[in-house]
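# Summary of the model geometry
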Amino acid sequence: MTETTNSAVLPEGLTLPGPSITGATGGSGTRVVARIVRTAGLYTGEKLNPYEDAVELGFYSDRWIDRYVEAGGDVGAGTYAEMEADLRGVLADHLSIVTDGAVAWGWKEPRSIYLLRFWSETMPDVRFLHFLRDGRDMAFSENQNQLTKHGAAVLGDDLRKAKTHTRSIALWNRVNLAAADFGERELGPRYMRVRFEDLCAEPAATIGAILDFFGLEGDAEAAAAEVRPPDSLGRWQLRRRKVIDELTETAGPALERFGYL
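Residues numbered from 1 in each chain as written. Predicted model: local features only at pLDDT ≥ 70, side-chain atom pairs only at ≥ 80, totals over all residues. Heavy atoms only, no water.

Here the focus is the overall build of the protein. Counting secondary structure elements, the protein contains 11 helices and five strands. Relative to its length of 261 residues, the protein is compact, with a C-alpha radius of gyration of 18 Å against a globular reference of 18 Å. By its C-alpha atoms, the protein is 55 × 50 × 30 Å across when sized along the principal axes. Within the protein, buried positions represent 53% of all 261 residues. For the protein, the proportion of contacts with a sequence separation of at least 24, taken over those separated by at least 6, is 76%. Working note: accessible area of the protein is about 12,100 Å², and carbon and sulfur atoms make up 47% of it. For the protein, the distance from the average site of its 30 positive side-chain charges to the average site of its 39 negative ones is 8 Å. (Helix = DSSP H or I, 4+ residues; strand = E, 2+ residues; numbered from the N terminus. Rg over C-alpha atoms; globule rule 2.2 N^0.38 Å. Buried < 20%, exposed > 50% of the residue type's maximum accessible area, 1.4 Å probe, protein only. Contact = heavy atoms within 4.5 Å. Areas by Shrake-Rupley, 256 points an atom, 1.4 Å probe, with all protein chains shown as cover. Lys, Arg positive; Asp, Glu negative; His and termini not counted. Charge placed at Lys NZ, Arg CZ, Asp CG, Glu CD.)

Encoded structure:
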């Protein structure tokens, strides 16, 4: 891997390549990915919550996502400068203690998916792992934190009176399509999309591809033991046909694009 490009938000003297970021809509199963890449030498921070999320980057998401999303990414020069200054401080803290053996740096904070354009603009070496799980499963997850926090910013008044599962999959549809469009168009080889279902079906091959994408070395076969398909996989199939049809109609574009239909 090559040395990182200079960026106004990165600490001076940083030579590790990065950032390598994992993002997703909530409850997609990113925790196992974070454990695997960290073991393979990706420094993801010391302040982590039980889900392996970088805590300070999570607070950053709290502060900025809604304003950024509501503005379509065009927040104006003043707000943009505030976001940059805030990120500079967050990264200085995040990278203040880099563990021995680290070969690259980044973080796992699922809501990073909402700020993908901003990461690309401020850190031109960014590599983004876009992690997906079937939106029909996600619609019935107990984890609806992103819908609660950012549903209004993403959906506006659309589906305001709809049931939670409908709003949840609508958010899943919009956020993942936007990330896929930007990643494919602007990041190219620095963008990778992985489905949770593929990780569960072929863990070693999928882990190997993720490690290659982030420029890491590790034993993919051994790491595959970390992958344990949950009982909730495919839970949407137990719902009534009317509900399934509603979900498919709401999120048809993303379900089809990502191979779920």
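Next up on the list: the packing of aromatic side chains. Counted under the stated rule, the structure contains 11 aromatic pairs. Each ring, one from F131 and one from F196, has its centre 6.2 Å from the other, and the planes form 70 degrees; the classification is edge-to-face. Of the two residues, F131 is situated in strand β4 (residues 127–132) and F196 in helix α8 (residues 196–201); the sequence distance between them amounts to 65 residues. For the pair formed by F131 and F196, the shared burial category is buried. (Phe/Tyr/Trp six-rings, centres within 6.5 Å; stacked < 30°, edge-to-face > 60°.)

Pairing in this open sheet of five strands is parallel, and the strands run β2-β3-β1-β4-β5 from one edge to the other. Edge strands, defined here as strands with exactly one partner in the open sheet, are β2 (42–43) and β5 (191–195). Sheet topology note: the β4/β5 ladder contains five bridges and is parallel. Of the residues in β5, the one forming a bridge with L132 is R195. The strands touched by helix α9 (residues 203–213) are β4 and β5; relative to β5, the strand with the most contacts, the crossing angle is about 160 degrees. (Pairing = 2+ DSSP bridges. Axes fitted to C-alpha atoms, helices over the stretch in contact; angles between N-to-C directions.)

Here the focus is the nonpolar core. Residues Y60, L87, W105, W107, W119, M123 and W172 are the most contacted members of the largest nonpolar core, which totals 57 residues. Secondary structure elements with two or more residues in this core: α2 (55–70), α3 (77–94), β3 (104–108), α4 (116–122), β4, α6 (145–155), α7 (164–187) and α11 (241–257). Of the residues forming this core, the biggest block, 10 residues, is contributed by α7. One finds V32, L129, M192 and L216 within the second-largest nonpolar core, a separate group that totals 26 residues. (Core = buried A, V, L, I, M, F, W, Y, C linked by side-chain atoms within 4.5 Å.)

Another point: the confidence of the model for the protein. Predicted coordinates in areas of low pLDDT are best not read in detail. Averaged over every residue, the pLDDT of the protein is 95; residues scoring 70 or more account for 98%. Across residues 1–5, where pLDDT falls below 50, the model places 17 contacts with residues more than four positions away in sequence or in other chains. (pLDDT = per-residue confidence, 0-100.)

As a further point, take the environment of M123. Counting through the fold element by element, M123 comes out in the loop between α4 and β4. Residues in contact with M123, not counting those within four places in the same chain, are S7, V9, L10, P19, L87, L91, W105 and W107.

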